[in-house]
Amino acid sequence: MSVSSAPVVIKKYANRRLYDTELSAYITLENLMDMVKLDRAFVILDARTGDDITRGVLAQVMLEEETRGRAMLPVAFLRQLIRCYGDSRQGEVSDYLERMMGEFMDRQTPDATGDGLEALGQEQAAVVRQAMSLFTSLYAVERAGNRTVENLLQEIMDLRQQVETLQGQLARPPRAAD
């Protein structure tokens, strides 16, 4: 199947219906999910204002999947992610997550076995847990007003070591499935 480079324009109307301007037809959230899986570029615009609402609609697609019993996002991760909204590091978290998912997707091969993907997924999950604990540690430092400079410097050194460890884990080639 050939994938065009021009993004499809999807219009979302006030009645919550999605209109694919390329097909000249209404589509569903499941159709959007299929387009994502096929790596088909699209942009979703509010039909009345013309605002780009792609991010919100994609979040809605994820919510639908999470509530259908196909949950993928751990509650602890969601809570940590929510704590990052409005924070000065929100952009860093967004960039980090995008980079991590990109690397995760790049490491998958079409001939990978289920066991290999499971091991890779567990390895990536461990890296994400370590990274999120780093963010949690940073929040703890912000909340503690009575720390000494020496304690804060030691925590910074510890965090730097954790970052180096994470970078080393990311630089390692994926383990071959046995």
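A short tour of the structure in this document, coming up. Here the structure is a predicted model, which means the values were calculated and not measured.

What about the sheet that holds strand β1 (residues 8-12)?
Phase 1: Read from one edge of the open sheet, four strands run β3-β2-β1-β4, paired in mixed fashion. Of all the strands in the sheet, just β3 (25-27) and β4 (42-46) have a single pairing partner and so form its edges. Strand-to-strand twist in this sheet, taken as the mean axis angle between neighbours without regard to direction, amounts to 35°.
Phase 2: Where strand β2 (residues 18-20) meets β3, three bridges bridge the pair, whose relative direction is antiparallel. Residue Asp20 lies in a different strand from β3, and its bridge partner there is Ala25.
Phase 3: Sitting on the sheet, helix α1 (residues 29-37) touches β1, β2, β3 and β4, and the angle it makes with β4 is about 150°.

A short note on the pairing of β1
Phase 1: Burial along β1 is one-sided: the face carrying Val8, Ile10 and Lys12 is buried and the face carrying Val9 and Lys11 is not.
Phase 2: Across five bridges, β1 lies against β4 in parallel orientation. Bridge pairing in β4 places Lys12 opposite Asp46.
Phase 3: In textbook terms, the turn of a hairpin is the stretch between consecutive antiparallel strands, and for β1 and β2 this stretch comprises five residues, one of which, Arg16, has a positive phi near 75°.

Structural notes on the packing of α1 against helix α2 (residues 54-67)
Phase 1: Between α1 and α2, whose axes approach to 10 Å, the crossing angle comes to 105°. Between α1 and α2, the angle falls in the class roughly perpendicular. For the pair α1 and α2, the contacting residues are Leu29, Leu32, Met33 and Val36 in the first and Val57, Leu58, Gln60, Val61, Glu64 and Glu65 in the second.
Phase 2: For the contact of α1 with α2, the class distribution of residues is seven nonpolar, one polar and two charged.

Section: the layout of surface pockets
Phase 1: By volume, the largest pocket is sized at about 2,600 Å³.
Phase 2: Looking at the largest pocket, it is lined by 47 residues, and the ones nearest its centre are Met62, Met72, Leu73, Leu97 and Met101.
Phase 3: Sorting the residues of the lining of the largest pocket by element identifies α1, α2, α3 (75-84), α4 (90-107) and α5 (114-143) as the ones contributing at least two each.
Phase 4: Class assignment for the residues of the lining of the largest pocket results in 30 nonpolar, eight polar and nine charged.

The rules behind each value
- Residues numbered from 1 in each chain as written.
- Predicted model: local features only at pLDDT ≥ 70, side-chain atom pairs only at ≥ 80, totals over all residues.
- Heavy atoms only, no water.
- Pairing = 2+ DSSP bridges.
- Helix = DSSP H or I, 4+ residues; strand = E, 2+ residues; numbered from the N terminus.
- Axes fitted to C-alpha atoms, helices over the stretch in contact; angles between N-to-C directions.
- Contact = heavy atoms within 4.5 Å.
- Buried < 20%, exposed > 50% of the residue type's maximum accessible area, 1.4 Å probe, protein only.
- Parallel < 35°, antiparallel > 145°, perpendicular 65-115°, else oblique.
- Nonpolar A, V, L, I, M, F, W, Y, C, P; charged D, E, K, R; others polar.
- 1 Å grid on protein atoms, 1.4 Å probe; cavity = no way out; pocket = protein on both sides within 12 Å on 5 of 7 lines; lining within 4 Å.
- Points joined across faces, edges and corners; volume = space filled by probe spheres on them.

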